[in-house]
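Here is how the chains run, residue by residue.
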Amino acid sequence: MAFTFFFRDAQTLRLAIEHLHPYIQSRSRISIWSAGCAMGQEPYTFAILLREIIGPYLFRNTRIYATDLDQYGNYGKIIEEGRYPVKDLERIPEDILARYFTIDPDNTTQCILSEEIRNTVEFNRHDLLSFEPIRSGLHLIICKNVLLHFSPEERMKVWMMFWNALEVGGFMLHEHTQKLPDELNGKFEQIVMNAQIFRKIG
Ligand SMILES: C[S@@+](CC[C@H](N)C(=O)[O-])C[C@H]1O[C@@H](n2cnc3c(N)ncnc32)[C@H](O)[C@@H]1O
């Protein structure tokens, strides 16, 4: 099973949403790609924070496309059901936990995520090393703790794929340690110095 958890690096996700908000404010369709999403903790954390910050009306226009290599073919079911062990939810602030999760009446060791959040996230299997984007015109791509396993050449091809898939002005988000090479200076600009949040230019 992939290493991941709810509310991982929530501070950076919040920061990205604060920058994204004015850009998506007047859009009737907001498209986000969570690439290498594991069992859903990352796209669901992002969806919850987004719903908290942008409010229900704009959130209704949002679609989060969550993809993963999903080596054993079981992530789709986990994400669709949105059912997680209570012990995996410890990092979620209590008020948010109470708003978005309910105890599973059939198994009290598990919680079920609200339908509103589940309906916003769509899972598909996808191999980033196919270098084929899932769609174009995206407003944000989140790809955290995935590219570190790829070679420098593979990473460059993935970044070019992300660049092609984003709308001009769209955002890309990586984990803290994932730096972009200088060759991409004309393609992306880093918009926050202490976080790996970039914007498509050119
Ligand atoms: C360490 S987890 C990171 C999960 C989440 N992004 C996070 O930061 O918590 C890495 C994920 O990348 C996925 N992955 C690895 N290689 C991939 C590939 N070629 N295409 C798509 N996903 C891949 C793995 O299956 C795994 O779920």
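The following refers to the structure shown. All chains use their own residue numbering, which begins from 1 and follows the written sequence. In view of the model being predicted, local features appear only for residues whose pLDDT reaches at least 70, and side-chain atom pairs are presented and counted only at 80 or more, with totals across whole chains, interfaces and linings using the full set of residues.

1. Overview of the sheet that holds strand β7 (residues 138-142)
So, step 1. A pair of strands counts as paired when DSSP detects no fewer than two bridges linking them. We count a stretch as a helix when DSSP gives it H or I for four or more residues in a row; a strand needs E for two or more, and each element gets its number in order from the N terminus. Strand order in the open sheet formed by seven strands is β6-β2-β1-β7-β8-β10-β9, and the pairing between neighbours is mixed. Only two strands of the sheet have a single neighbouring strand rather than two, namely β6 (121-125) and β9 (188-190). Across the sheet, the mean angle separating the axes of adjacent strands is 20 degrees when strand polarity is ignored.
So, step 2. Those strands touched by helix α2 (residues 41-59) are β1 (30-35), β2 (62-68), β6 and β7, and its axis lies near 170 degrees from that of β2.
So, step 3. Packing against the sheet, helix α6 (residues 152-165) makes contact with β7, β8 (166-173), β9 and β10 (197-200), and its axis sits at approximately 135 degrees to β8. For every element, the axis is a line fit to its C-alpha atoms; helices are fit only across the contacting stretch, and the angle between N-to-C directions ranges from 0 to 180 degrees. Two residues qualify as a contact pair if the distance between their C-beta atoms, derived from the backbone, is within 7 Å.

2. Brief notes about helix α1 (residues 10-24)
So, step 1. Under the convention used throughout, the expected extent of a helix is 1.5 Å for every residue step, that is, one less than its residue count. Taking 1.5 Å of rise per residue, the 15 residues of α1 would be expected to cover 21 Å, and the 20 Å separating its terminal C-alpha atoms lies within 8% of that figure.
So, step 2. Two axes define the bend at a residue: one fitted to the seven residues ending there, one fitted to the seven starting there, and the bend is the angle between them. At Glu18, α1 shows its maximal kink, close to 25 degrees; a proline, Pro22, follows between one and four residues later.
So, step 3. Neighbour density around each residue's C-beta defines its exposure: 20 or more other C-beta atoms within 10 Å make it buried, 12 or fewer make it exposed, and counts between make it partly exposed, where C-beta atoms are placed from the backbone. Within the sequence span of α1, burial applies to Thr12, Leu13, Ala16, Ile17, Leu20 and Ile24.
So, step 4. Its buried side turned inward, α1 meets β1, α2, β7, β8 and β10.

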